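As a plain string of letters, each chain reads:
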Amino acid sequence: MLSILFLLVGTILAAASANPIALLPSYANPTTAHGQPGRGTISLTQIRNKAFIRNGPLDLAKTYHKYNIPLPADLAAAVARHRQPSRPKRSSDAHGSAETTPGPHDVEYLTTISIGTPPQNLSINIDTGSSDLWVFSAETTSSEVKGQTVYDPSLSSTAAQLQGATWQISYGDGSSSGGDVYLDRVALGGLTVAAQAVECARNVSGEFTADGSSDGLMGLGFGVINMVKPVRQKTFFENLQAGLDEAVFTADLKHGMPGRYNFGYVDSSAYTGDITYVPINSTDGYWGWTSPGYAVGSGAFKDEAIVGIADTGTTLLLLPSDIVADYYRQVDGAKYERNQGGYVFGCDVALPDFAFGVGHTAGGSPAMIKIPGKYVNYAPVGGSSTKCYGGIQSNDFIGASIFGDLALKAAFVVFDGGNMRIGWASK
Ligand SMILES: C[C@@H](SC(=N)N)c1ccc(Cl)cc1
């Protein structure tokens, strides 16, 4: 319940739109505050401000704020939605595009997002292999912040803490992070979600601290594996999806140069030939799909189903060990080195292309995505200028293949949430 504030005369007109009862001065018959006539006094007549539109959530939220009580999740979301329209208009706003920039050796691709009001710009790793948007924050243990830009919800007028919510996540490379949650405005590529769950790190593992270029991750997997407790939160794409012209986002990563993530449309100028679509299996929360097989260099296509995920958050292409061995048999001097954790070769060696199939053989040959051999030279191994590490490695102990950035940057990829399918095209 709003407590009706008696305002000083000077602020009456400015405040009228914010309060249900406008206080209008009446100079005609001066009386005391209790209605008794007196000299030099003023009486204030109350009239209802017909321009005031009652808003229950906002009224209730004012009471919570008055007593410094964090807002319950639903109320926080209602307040954030009231402050900012959450659904993009179905016109020019229903699609967006953002440049993404590779780190050294294309180890990751970083994209700018803005969070809060006024906007705080952070550089994040878009990761289709997870489903949490988490960022370095003002709450992150200071010794674990080394060069990252942090999000500070206390500086955002649209931030509302999600009461009681926490998160903790671990990734395939052993890295991890965890903290609490705010709802705030998040914008990417011209698209905005008014009440996006922004997971603020209180702790991050050394791998994240050591990467001063990345201020966090935006997971674009499926919300079923979002790690917020007690209530999982939707991804940025899931929150946008219904308002997009097309319920898709596309990844156009490039080798050693900036690429783009688009949302809500398929840019027909970004690829050659046709897009071949195959169904995805999102049961495990990933963009899971099956390739029908592969070819090494100019060799024949080999029918061997490759069950994997399309994962922008993994650098390399991780495949069954028999396929990996088949590839490196075509590389002079290549060998598996345990102490390097994979196949290595001379940095100047000729590398054959690697192609993987998309679509079923079904009599006709499948569409093929060809990874140029030069892409497979990932980087020199630590301390050497002559020995290089392969970009194709084994998926041993993972349980599925991972079509990471090495594969994705050879293609234009459509992540089609509307039709639960993934599309691959050459470019
Ligand atoms: C799904 C990715 S992790 C990610 N993209 N956030 C993954 C899982 C397990 C291994 Cl071993 C390597 C990579």
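Refer to the structure presented above.
Because the structure is a prediction, the values reported are computed rather than measured.

Thresholds, definitions, all that
Residues numbered from 1 in each chain as written. Predicted model: local features only at pLDDT ≥ 70, side-chain atom pairs only at ≥ 80, totals over all residues. Heavy atoms only, no water. Helix = DSSP H or I, 4+ residues; strand = E, 2+ residues; numbered from the N terminus. Buried < 20%, exposed > 50% of the residue type's maximum accessible area, 1.4 Å probe, protein only. Contact = heavy atoms within 4.5 Å. Areas by Shrake-Rupley, 256 points an atom, 1.4 Å probe, with all protein chains shown as cover. Pairing = 2+ DSSP bridges. Axes fitted to C-alpha atoms, helices over the stretch in contact; angles between N-to-C directions. Near = heavy atom within 4 Å. Polar contact = N/O pair within 3.5 Å; in protein donor to acceptor, adjacent residues only side chain to side chain. Nonpolar A, V, L, I, M, F, W, Y, C, P; charged D, E, K, R; others polar. Phe/Tyr/Trp six-rings, centres within 6.5 Å; stacked < 30°, edge-to-face > 60°. Salt bridge = Lys/Arg side-chain N within 4 Å of Asp/Glu carboxyl O.

**Q** Any chance you could break down the overall build of the chain for me, citing the residues and the numbers?
**A** Scanning the chain from N- to C-terminus turns up seven helices and 27 strands. A burial count over the chain gives 50% of its 427 residues as buried. In the chain, the proportion of contacts linking residues at least 24 apart, taken out of those at least 6 apart, comes to 64%. Within the structure as shown, the chain displays about 19800 Å² of accessible surface, and the carbon and sulfur contribution to it stands at 54%.

**Q** Just give me the short version of the sheet that holds strand E24 (residues 392–394), but keep the residues and values in it.
**A** Strand order across the open sheet formed by seven strands is E21-E20-E15-E16-E25-E17-E24, with mixed pairing between neighbours. The sheet is open, and its two borders are formed by strand E21 (367–371) and E24, each paired with just one other strand. The average angle at which neighbouring strand axes cross in this sheet is 40 degrees, direction not considered. Here strand E17 (residues 317–319) pairs with strand E25 (residues 401–403) via two bridges, running antiparallel. Within the sheet, the bridge partner assigned to Leu317 lies in E25 and is Phe403. Strands strand E15 (288–296), strand E16 (302–310), E17, strand E20 (354–358) and E24 of the sheet are contacted by helix H6 (residues 321–328), whose axis makes an angle of about 140 degrees with E24.

**Q** Which residues make up the site of the ligand, and what are the values?
**A** Taken together, the neighbourhood of the ligand is formed by Asp127, Gly129, Ser130, Tyr171, Gly172, Tyr286, Ile309, Asp311, Gly313, Thr314, Ile398 and Ile402. In this structure, Asp127 approaches the ligand through a side-chain N or O atom, which is 2.6 Å from a nitrogen atom. Its free accessible area being 370 Å², the ligand has 77% of it covered by the protein chains. Of the residues assigned to the shell around the ligand, the class counts are five nonpolar, five polar and two charged.

**Q** Tell me about the packing of aromatic side chains, and please be specific about residues and values.
**A** What the rule picks out here adds up to 24 aromatic pairs. Taking 5.7 Å as the distance between ring centres and 90 degrees as the angle between the ring planes, the aromatic pair formed by Phe249 and Trp287 counts as edge-to-face. Of this pair, Phe249 sits in strand E12 (residues 248–252) while Trp287 sits in the loop between strand E14 (276–279) and E15, and the two are 38 residues apart along the sequence. Of the two residues examined, Phe249 and Trp287, each falls in the buried class. Taking 5.1 Å as the distance between ring centres and 55 degrees as the angle between the ring planes, the aromatic pair formed by Phe356 and Phe403 counts as tilted. Residue Phe356 is found in strand E20, and its partner Phe403 is found in strand E25; the two are separated by 47 residues along the sequence.

**Q** So what's going on with the pattern of salt bridges? Which residues, and what values?
**A** Two side chains bearing opposite charge may form a pair once their charged atoms approach each other closely. On inspection of all chains with the given rule, the structure shows nine salt bridges. For Asp252, the salt bridge is made with Lys427, and the minimal N-O distance between the two is 2.6 Å. One end of the pair, Asp252, is in strand E12; the other, Lys427, is in the segment after strand E27 (421–425), with 175 residues separating them in the sequence. Under the relative-accessibility criterion, Asp252 is labelled buried at 9%. By sharing partners, the salt bridges in this structure join Asp252, Lys254 and Lys427 into a single network.

**Q** I'd like to hear about the sheet that holds strand E19 (residues 342–346), residue by residue, with values.
**A** Read across the sheet, four strands follow the order E18-E19-E23-E22 without closing on themselves; strand pairing throughout is antiparallel. Of all the strands in the sheet, the pair left with one neighbour each is strand E18 (335–337) and strand E22 (377–380). Direction aside, the axes of adjacent strands within the sheet are offset by 45 degrees on average.

**Q** I'd like a rundown of the side chain of Ser177, residues and numbers included.
**A** Tracing the sequence through the fold places Ser177 in strand E8 (residues 176–188). By relative accessible area, which is 0% here, Ser177 ends up buried. Each residue touching Ser177, except ones within four places of it in the same chain, is listed here: Trp134, Trp167, Gln168, Ile169, Tyr171, Asn203, Val204 and Phe208.

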